[in-house]
Amino acid sequence: MIGVKEIAKIAGVSPATVSNALNGKSNVGEEKRKKILEICREQGYDPNIAGRSLKTGRSKTILFTFSDFDRSFYLEVIHGIHDFAEAHAYDLLICTGGMCAKYMHPGMSSGCIALDGKLPTELLRSKATADYPIISLDRVVDSPYVKSILVNNYEPMFHLVDGLVRRGFTRFAFLGGVEESTDNKERYQAFCDALRKNNLPFSMDRYIAGDWHEASGVRAAHILLLTQNRPQVLVCANDNMALGAIKTFNANDVVVGRDISVTGFDNNSIAEYHGITTIDIPDYERGYLAAQALVGNIEGAMNHDTFRISAKIIERTSVAERPLS
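Residues numbered from 1 in each chain as written. Predicted model: local features only at pLDDT ≥ 70, side-chain atom pairs only at ≥ 80, totals over all residues. Heavy atoms only, no water.

Visitor: Teacher, can you tell me more about the packing of helix α8 (residues 154-166) against helix α9 (residues 182-197) here?
Guide: Between two packed helices, the angle of one axis relative to the other and the distance separating the axes together describe the packing. Between α8 and α9, whose axes approach to 8 Å, the crossing angle comes to 35 degrees. For α8 against α9, the interelement crossing comes out right-handed. Contacts from Y154, M157, F158, V161, D162, V165 and R166 in α8 reach E186, R187, Q189, A190, F191, D193, A194, L195 and K197 in α9. A breakdown of the residues in the contact of α8 with α9 according to their chemical character gives nine nonpolar, one polar and six charged. (Axes fitted to C-alpha atoms, helices over the stretch in contact; angles between N-to-C directions. Helix = DSSP H or I, 4+ residues; strand = E, 2+ residues; numbered from the N terminus. Left-handed = near helix turned anticlockwise from the far one by under 90°. Contact = heavy atoms within 4.5 Å. Nonpolar A, V, L, I, M, F, W, Y, C, P; charged D, E, K, R; others polar.)

Visitor: Would you take a moment to explain the packing of aromatic side chains for this structure?
Guide: One pair of aromatic rings is described through two measures. These are the centre distance and the angle between the planes. This structure, assessed with the given rule, holds 14 aromatic pairs. With centroids separated by 5.1 Å and ring planes inclined at 50 degrees, the aromatic side chains of F174 and Y188 adopt a geometry described as tilted. Highlighted residues: F174 in strand β6 (residues 172-176) and Y188 in helix α9, separated in sequence by 14 residues. Owing to a relative accessible area of 19%, Y188 belongs among the buried residues under this scheme. Measuring from ring centre to ring centre gives 5.7 Å for F174 and Y207, while their planes differ by 20 degrees; the resulting arrangement is stacked. In this pair, F174 sits in strand β6 while Y207 sits in strand β7 (residues 207-209), placing the two residues 33 residues apart along the sequence. Here F174 matches Y207 in class, with each residue buried. Grouping aromatic residues by their ring pairs yields a cluster made of F172, F174, Y188, F191, F202 and Y207. (Phe/Tyr/Trp six-rings, centres within 6.5 Å; stacked < 30°, edge-to-face > 60°. Buried < 20%, exposed > 50% of the residue type's maximum accessible area, 1.4 Å probe, protein only.)

Visitor: Looking at this structure, I do not really get the sheet that holds strand β11 (residues 307-309). What am I missing?
Guide: For sheets, the rule is that strands pair by backbone hydrogen bonds, running either parallel or antiparallel. Pairing in this open sheet of six strands is parallel, and the strands run β2-β1-β3-β4-β5-β11 from one edge to the other. Bordering the open sheet on either side are β2 (91-96) and β11, each of which pairs with just one other strand. Ignoring which end each strand starts from, the neighbouring axes of this sheet average 20 degrees apart. Across the sheet, helix α5 (residues 73-87) lies against β1 (61-66), β2 and β3 (111-115), angled at about 175 degrees from β1, the strand it touches most. (Pairing = 2+ DSSP bridges.)

Structural data, given as structure tokens:
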């Protein structure tokens, strides 16, 4: 962990000068103080957190890492983490991108909740220790110091698709998220298994790769509008992509909920507003449970069993009662 001595060496000053600058002492010039503060920011050194850690032996700070500002469910997850952390006198530090690794250390934070598909699994594995527990919300990590809290993707997706088949739908397309993600793999597997159970074939030319964002849904809808034997149902791996598809179909006189059905996954605020049939993930509760599990492990519980959060189907107007043809 970087400290005052290392900051002093980089700045070319004494440790005492660094200390005086951080404490606002008048014997350090303004230019030198700004230079020292800038180096602290560049090196990820927070004197307030570090100082408290030295005094208490523990920073009592939860680090939350994520990577995608465009997906609104993160706010609910953060809300849940915050409420538990605040109730138990923990601070919450939110970080995104490559800078996260600097804060994944016992001197900077007490433990980490990771919901960031861009963070390499090997980084999580290398950072997690008995003194630095990690909660993973998007994958299972092979480490005795990482607890995974995952969405139950498979069962609700299976039941959603199986229910649509029972209502007479036979032609399906699937719009996937980031292909290597656990969420996408499990949701697609459930989709395929539900069709297989009902002896319905599925051709890979009806699998469209996406990236969780609305623009993926726009592209997918444009592709399907050009096909001769259009699917009756487009099953999307999340709500953002479903919204993009719905807007595009409707704009091209293909009425969603009549001419074609579209489903999502997440049940974020846009799903309710736009009437998207989807699968509800309790994101606030997911954040709250993640913080609860992390604090428990920080304080010695050492529970690293994988936990699955239940999800349920929410039916709305984006799915027709029955197929037109």
